[in-house]
Structure formats: C-alpha cells, structure tokens
Amino acid sequence: VGFIGLGCMGLPMSQNLKAAGYNVKGYDLSPEARSSANAEGIPTADSVADLCKDVEYIVTALPETRHIEETLMMDGGIFANAAAGTLICDVSTIHPDGARAFHAEAKKNNMVYLDTPMSGGITGARNGTLTFMVGGSAEEFETSKEVLQGMGANFFHCGEPGTGEIAKLTNNL
C-alpha cells in the first residue's frame, strides 16, 4: 500500500495498515512528516512516482480537491506512474464533482479511483475505528474494503462516484 499524506491522520492510518499485515510505504511533501513516518517504521518514498512502484493500493489523505488533482494528474503523479489495476482510495474530504471526474479519469488509465472519505477523527485514526463512506460501484466498494479494513471499522456504500463525499459533507454539517 502506498500512502500519500502522512500528517496527523495519515501516519496512524499507515501504522494500522502495517499492523494489519500490509507492506506500507508513504510519501508526504513535508520532510518532517517523512522523517516522523520513518521513525515510526513506515518507509517513505522520495516522490509520488517512486511511491507508485510495486503497490496494488494507493491511499491519499490530502487537504483539498486541487491537491488530489495534482497528485493524480501531474507528470510525476499517480496516473502516469501507477500500474494498471491500481485501486486508489481517497480518504480526503473534497468536492464531489472532483471525485466524479477523478473516477472517470482513473478508468481511462485502467485504474480505479474511489472517494472514501472518513469520519472518526484522530482518535479513530489511532484506534483503527474510522468510518468510511464510499462512492463507486458495488463491486468497487467490496474491493475497497480489503484495504479500508486495515484502517477502520465501518464501511458504507453510498452509491455512484462522488456520493461518498456527499455523505461526508452532510455528516460534517
């Protein structure tokens, strides 16, 4: 599993994936976040492109829609570097229209992008009890649970791409 975004939520989520038996490597723009991850036993890549090598799953946990777009679509990004068949679970809270567009673009690149925003805060991230609201097909939802179970306890299929974000935004209200 490649994990992009090793901030306050990402590092404990990465640790839980590792504890669940996944081979995890991380990436973050912040050298401090990469250093903290390394100190906690999560090896880090030097770039998004390097992170994409030899992973079946990529989890993104970034602040805004534009950050996800850049990480997916830049020259050194996920779509240009991950293998066909890679499943991308975006646990960020972003705009539903962005999630729908990223799902469609992933399909063009023979990958699957799912909006899988989380709820449960830092305590849920540390304890592995997060709730995930997933937008995508029923089959994609079932496949996503393989990796999401390493970080959470509750999984809801909300419908088509973008509906996980709609559920999360509604929850936030």
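Here's what I pulled together on the structure shown here. (Residues numbered from 1 in each chain as written. Predicted model: local features only at pLDDT ≥ 70, side-chain atom pairs only at ≥ 80, totals over all residues. Heavy atoms only, no water.)

**Considerations on the pairing of strand S7 (residues 130–135)**
Within S7, six of the six residues are buried, leaving the element largely enclosed by the surrounding structure. Of the two faces of S7, the one carrying Leu130, Phe132 and Val134 and the one carrying Thr131, Met133 and Gly135 are both buried. Note: strand S6 (residues 118–119) against S7, two bridges, orientation antiparallel. Residue pairing across strands places Ser119 opposite Thr131, the latter belonging to S7. As paired elements, S7 and strand S8 (residues 152–159) share six bridges and run parallel to each other. Bridging across to S8, Leu130 finds its partner in Gly152. Read from S7 through helix H8 (residues 138–148) to S8, the crossover connection turns out right-handed. (Buried < 20%, exposed > 50% of the residue type's maximum accessible area, 1.4 Å probe, protein only. Helix = DSSP H or I, 4+ residues; strand = E, 2+ residues; numbered from the N terminus. Pairing = 2+ DSSP bridges. Right-handed = clockwise from strand over helix to strand, strands pointing away.)

**Remarks on unusual backbone geometry**
Even without being a glycine, Asp54 presents a positive backbone phi close to 60°. Here Asp54 shows up in the loop between helix H3 (48–51) and strand S3 (57–60). We note that Asn110 has phi near 60°; this positive angle belongs to a residue other than glycine. Asn110 gets classed as exposed once you look at its relative accessible area, which sits at 55%.

**Structural notes on the packing of aromatic side chains**
For the coordinates displayed, the defined rule picks out three aromatic pairs. Taking the centre distance of 6.4 Å and the plane angle of 85° together, the rings of Tyr22 and Tyr57 count as edge-to-face. Placement of the pair is Tyr22 in the loop between helix H1 (10–19) and strand S2 (25–27) and Tyr57 in strand S3, with a sequence separation of 35 residues. Note on Tyr57: relative accessible area 11%, which makes it buried. With a centroid separation of 6.2 Å and an interplanar angle of 5°, the aromatic rings of Phe132 and Phe155 are classed as stacked. (Phe/Tyr/Trp six-rings, centres within 6.5 Å; stacked < 30°, edge-to-face > 60°.)

**Some remarks on the environment of Arg126**
Mapping Arg126 onto the fold places it in helix H7 (residues 121–127). We classify Arg126 as exposed; its relative accessible area is 55%. For Arg126 and Val59, which are 67 residues apart along the polypeptide, the C-alpha to C-alpha distance reads 16 Å.

**Remarks on the pattern of salt bridges**
Counted by the stated rule, this structure contains six salt bridges. One salt bridge connects Lys53 with Asp50, and the closest N-O pair in it is separated by 3.2 Å. The exposure class assigned to Lys53 is partly exposed, which follows from its relative accessible area of 46%. For Asp50, a relative accessible area of 29% puts it in the partly exposed group. Here Lys108 makes a salt bridge to Glu105, at a shortest N to O gap of 3.6 Å. (Salt bridge = Lys/Arg side-chain N within 4 Å of Asp/Glu carboxyl O.)

**A closer look at the packing of helix H4 (residues 65–73) against helix H6 (residues 96–108)**
Taken N-terminus to C-terminus, the directions of H4 and H6 make an angle of 10°; their axes are 11 Å apart at the nearest point. The pairing of H4 with H6 is recorded here as roughly parallel in orientation. Together, Thr65, Ile68, Glu69, Leu72 and Met73 of H4 and Gly98, Phe102 and Glu105 of H6 make up the contact between the two elements. When the residues that make up the contact of H4 with H6 are grouped by side-chain class, the tally is four nonpolar, two polar and two charged. (Axes fitted to C-alpha atoms, helices over the stretch in contact; angles between N-to-C directions. Parallel < 35°, antiparallel > 145°, perpendicular 65-115°, else oblique. Contact = heavy atoms within 4.5 Å. Nonpolar A, V, L, I, M, F, W, Y, C, P; charged D, E, K, R; others polar.)

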